Amino acid sequence: MRRKAMSLILGVMVLAAMSGCARQPAAPALEDTLIIGSSQEPTTLDPAIVYDGSDRITRLIYESLLDYVGSTAEVQAHLATDWRVSPDGKVYTFELRDDVQFHDGTPFNAEAVKFSFDRMTKIAKGMSWAFRMVLAEVKVTAEYTVEFHLKKPYPGFLGMVANRYAAPIISPSIMQHEKDGDLAQGWAHDNAIGTGPYKLVNWTKKQELTLVKNDDYWRGWPQKHISRVVYKILPDSATQRMMLERGDIHTATHIGIDDIIVLMDHPEIRIEPAPTSNFNWFLLLNTQKGVFADRRLREALSWAFPYDETVRHVFRGQATQSVGPVPFGVPGHEPDLFQYHRDLDRAKALMAAAGYPNGGFKVTITHGDNDWARKILEMTISTLGELGITAETKPLVWGAMLDNMASQDTAPDIVVADWWDDYPDPDAFLGGMADAFWWGGREAADYFYVNPEVQDLLGEAAFEADPARRVDLYRRAQELMVADCPGVWIMDYLYATPFRKNVYGYVANPYYIMSYNVYGMWIEAR
Amino acid sequence: MRTLRRLARNRLTLLGFLGLLALIAIAITAPAWVPFPDHGGPARDVANRLQPPGPVHRFGTDDFGRDIFSRVCLGAVISLRTGVIVVLLASTLGVTLGAAAGFAGGLVDEVIMRITDAFLAIPSLVLALAISTALGASLTNALLAISLVWWPWYARLIRAQVMAIKEQEFVESARSLGMGPFLILTRHILPNALAPILVQASMDFGYVILTAASLGFLGLGAQPPTPEWGLMVSVGRKFFPRWWWVATFPGLAIFLAVLCFNLVGDGLREVLDPRLRKQDA
């Protein structure tokens, strides 16, 4: 009896489903609200100051003159319509759209562009250091024409203008909220007037932000779109994962690698990895003090590290083994550089040559306190163990790590490090090294790695206008670095974002890592 | 002998005692017989990561392919050593200061007791967290931190004992015979005041192991790849519930170890505490 009833119900359901199909052949119903989970609350919404994950919100509200095409590091016009570079490489002229308005009706024009860039350099926070390094002046030459005069030719400039920090355009009307000459920083911290597809309507601190679509958006709205974005602050990665599994949120950022691995097998979840990387993980070796001052021991570690196991098993294919210091996908990546592979015998022979046939010494390691760093740390400790080396480890937050590296009195032998660039240019990735930024050190004697030849090559390459020569300079610098083994370049990480399967239209771009192109996405109702 | 017999009469105490013996035996001999003795250290077998419990890996493997059974057994010695060191450090410090306070009285007593008040005013785990954060995360520092938050309990306990005993007649007579205060304290008072300390210490083993595991869980105690149980639970938590075995087995080990110590402690208290002994006699 019961079975009969069941089959009857099933039959009715199938019929209902079929008739439903027949009535509406295409056009599935849409959900209008995208719910994002994230462990990070924006620190500010001021686009002149944002220099962290806060761009996940500001990118929806504010726009730049240029942006990156799809998943690539190529730039295309966005609020600009066209641009030219003067023959000497020092003047960039942008023609602007004449049909754009800010959320409050203020017209977008060359004055607004000048206002935004002047304000950003005056506030001098966030990523403005990069602009102050190269930008001399912004000139308005017509209502919709603006010129950027550089101090010297800088080939990375277009990439900088497209980047997600510091370059977005803010409405000059915010100045009515200025207090004590703060250029309206106080107001723009919690409020926003941009040109973008979404407007901020609510920010309940520590809980959530809500944005709604800008009806007058200059690109118009396609039939399939998302009209509301709710950004929930969920500090714990496991919570994010469970809410995704239950369907309480559509996607999550900053979710731990193990939670991503768990989600891979979930039938309702799709993982979208970025097609290229701008984010690598490596071991920084202290070449100036301690055992790793001996190049042979650095090379030994480079041969001993189990790259393949790390990439294939520990990170379940969400990474590829690095070739040199620049990840693939970043301009300046050299696919033909020498690449180490695991060869333990060779590593042991080098150890013996350096006078440590059975290891027998201890090294110190500092590392970040996150999933990625801990996994690399354990692989490193285990590799060192195979060479007879013991390790003393210390988890630190990023700022403390930099402090720790800044003096040889406290500097460890190894730092488990990761790096990503702010804009697509080899200078952004390697240039830090010319002023020894990511090699630690406050005094020259405190640097982890010093090679004047590399520093000269990088310094020269940064402002080299001839593209072919520039590529060549960067290649030579990288060849020297790989030969010096100041680091063990482990893997280029492919940042992956989990989605409920009914969310469509996401385009992963490593330069917009952990943020969303919500305009262009849609959600089908389930 | 009578004490031991009385102890054995209580089934639960006996059970706890046998459990403890087993734990100690495992702690001492584990490296000799666990299937993967190197998995307690920097070994890895990532091709076998997160294997479920089976014939080869009785408790399954963790995210680096290490045998959890071996690691749990090898971790026993860490937890036991933690318990012994902390209890010894804390009770030595506490007994010394507490006895001094109780015996000397006056200003000394006042100062020492206000210090214990200050320590006891803050929840012990929070204080241990603060201290081990300040010292830097490592197992040794965690031990120090826990000892530092634990001694005031002993100090208070012994002080009360000493104050009660020092008024008794045999102490009076020792004094009138011209015995010095140090000798009176060590020869006459302390031996008579130690029973409650023993009970307290046996109960504390369990709590100390738990606290050390909590510090490890919070990343402030042992560092990877040490097979410390709390750290293993912390790492395994991320794999719950899909790969439940990673956190469950070290968690069970903590549970059983703490339970055994508490059963034994309870039994000891029944035997040694005169107030509880009356009905028995």
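Residues numbered from 1 in each chain as written. Chains lettered and ligands numbered in written order. Predicted model: local features only at pLDDT ≥ 70, side-chain atom pairs only at ≥ 80, totals over all residues.

## So, the overall build of chain A
So, point 1. Of the regular secondary structure elements, chain A holds 16 helices and 22 strands.
So, point 2. Here the C-alpha atoms of chain A give a radius of gyration of 26 Å, agreeing with the 24 Å that 2.2 N^0.38 yields for 526 residues.
So, point 3. Taking the principal axes of the C-alpha coordinates as reference, chain A spans close to 80 × 80 × 45 Å.
So, point 4. By residue count, 49% of the 526 residues in chain A fall in the buried class.
So, point 5. If you take every contact in chain A between residues at least 6 apart in sequence, the share linking residues at least 24 apart comes to 70%. (Helix = DSSP H or I, 4+ residues; strand = E, 2+ residues; numbered from the N terminus. Rg over C-alpha atoms; globule rule 2.2 N^0.38 Å. Buried ≥ 20, exposed ≤ 12 C-beta atoms within 10 Å, placed from the backbone. Contact = placed C-beta atoms within 7 Å.)

## Some thoughts on the overall build of chain B
So, point 1. Within chain B, the secondary structure is distributed over 12 helices and zero strands.
So, point 2. Listed N to C, the secondary structure of chain B is α-α-α-α-α-α-α-α-α-α-α-α in terms of helices and strands.
So, point 3. The principal-axis extent of the C-alpha atoms belonging to chain B is close to 75 × 45 × 30 Å.
So, point 4. Expressed as a percentage of its 281 residues, the buried residues of chain B come to 47%.
So, point 5. A separation of at least 24 residues holds for 68% of the contacts in chain B among residues at least 6 apart in sequence.

## Side note on the sheet that holds strand β7 (residues 135–142) of chain A
All names here are of chain A.
So, point 1. With antiparallel pairing, the four strands of this open sheet are ordered in space as β5-β6-β8-β7. At either end of the open sheet lies a strand with only one pairing partner, and these are β5 (80–85) and β7. The mean inter-strand angle of the sheet, taken between neighbouring strand axes irrespective of direction, is 20°.
So, point 2. The sheet contact formed by β5 and strand β6 (residues 91–96) spans five bridges and is antiparallel. Note on β6: the bridge partner recorded for Arg84 is Thr93.
So, point 3. Taken strand by strand, helix α3 (residues 110–123) contacts β6, β7 and β8 (145–150), and its axis lies near 165° from that of β7. (Pairing = 2+ DSSP bridges. Axes fitted to C-alpha atoms, helices over the stretch in contact; angles between N-to-C directions.)

## Some remarks on the interface of chain A and chain B
So, point 1. Each side of the interface is counted separately: chain A has 20 residues, and chain B has 17 residues.
So, point 2. Counting only elements with at least two residues in the side of chain A that touches chain B, the list comes to α8 (257–264), α10 (307–314), α12 (371–386) and β17 (390–395) of chain A.
So, point 3. Per element, the largest residue contribution to the side of chain A that touches chain B is eight residues, and it comes from α12(A).
So, point 4. Here the residues of the side of chain A that touches chain B sort into eight nonpolar, five polar and seven charged. (Nonpolar A, V, L, I, M, F, W, Y, C, P; charged D, E, K, R; others polar.)

## Side note on helix α7 (residues 237–246) of chain A
All names here are of chain A.
So, point 1. Residues of α7 that are buried: Ser237, Gln240, Arg241 and Leu244. Along the long axis of α7, the arc covered by the buried residues comes to 100°, so they all point the same way.
So, point 2. Those residues of α7 that are buried are in contact with β2 (33–38), β12 (251–253), α8, β13 (269–273) and β20 (496–500).
So, point 3. Positive phi appears at Gly247, one or two residues downstream of α7, with a value of about 85°. (Arc of directions from axis to C-beta.)

## A closer look at the confidence of the model for chain B
Residues and elements named next belong to chain B.
So, point 1. Residues at a pLDDT of 70 or more form 95% of chain B, whose mean pLDDT is 87.
So, point 2. Within chain B, helix α12 (residues 274–277) has the poorest average pLDDT of any element, 57, and helix α3 (residues 68–104) the best, 93.
So, point 3. Listed scores for the predicted complex are pTM 0.79 and ipTM 0.72. (pLDDT = per-residue confidence, 0-100.)

## A few points about the domain arrangement of chain A
Residues and elements named next belong to chain A.
So, point 1. Considered domain by domain, chain A is made up of domain 1 (63–175), domain 2 (196–276 + 496–524) and domain 3 (279–493).
So, point 2. Each of domain 1 and domain 2 has a C-alpha centre, and these two points are 28 Å apart.
So, point 3. Every contact between the two is made by 11 residues of domain 1 and, on the other side, 14 residues of domain 2.
So, point 4. Among the residues forming the side of domain 1 that touches domain 2, the class breakdown is three nonpolar, four polar and four charged. (Domains from an automatic or database assignment.)

## A look at the pairing of β7(A)
Residue and element names in this part refer to chain A.
So, point 1. Relative to β8, β7 runs antiparallel, the two being bridged by six bridges. Following the sheet pairing, Lys139 is matched in β8 by Glu147.
So, point 2. A loop of two residues connects β7 with β8, the two strands running antiparallel in sequence.

## Topic: the environment of A:Thr276
Residue and element names in this part refer to chain A.
So, point 1. With respect to the helices and strands, the residue Thr276 is situated in the loop between β13 and β14 (279–285).
So, point 2. C-beta crowding within 10 Å serves as the criterion here: with 21 such atoms nearby, Thr276 is assigned to the buried category.
So, point 3. Along the backbone, Thr276 and Tyr447 are 171 residues apart, and their C-alpha atoms lie at a distance of 31 Å.
So, point 4. Those residues within four positions of Thr276 in sequence are excluded, and the remaining contacts are Ser71, Phe328, Gly329 and Pro510.

## Quick look at the sheet that holds strand β22 (residues 522–524) of chain A
So, point 1. Taken together, three strands build an open sheet; the order of strands is β1-β22-β21 (chain A) and the sheet is antiparallel. In the strand order of this sheet, the two ends are held by β1 (30–31) and β21 (503–504) of chain A, each with one partner.

## Points about the nonpolar core
So, point 1. Counting 153 residues, the largest nonpolar core has A:Val113, A:Val229, A:Ala300, A:Ala477, A:Ile490 and A:Val518 as its most contacted members.
So, point 2. For this core, the element with the most residues is α12(A), which contributes seven residues.
So, point 3. With residues near it in sequence (within four places) discarded, A:Ala300 still touches A:Ala347, A:Leu350, A:Met351 and A:Leu387.
So, point 4. Within the second largest apolar cluster, 73 residues are counted, among which are B:Phe59, B:Tyr207, B:Ala213 and B:Trp243. (Core = buried A, V, L, I, M, F, W, Y, C linked by C-beta atoms within 7 Å.)

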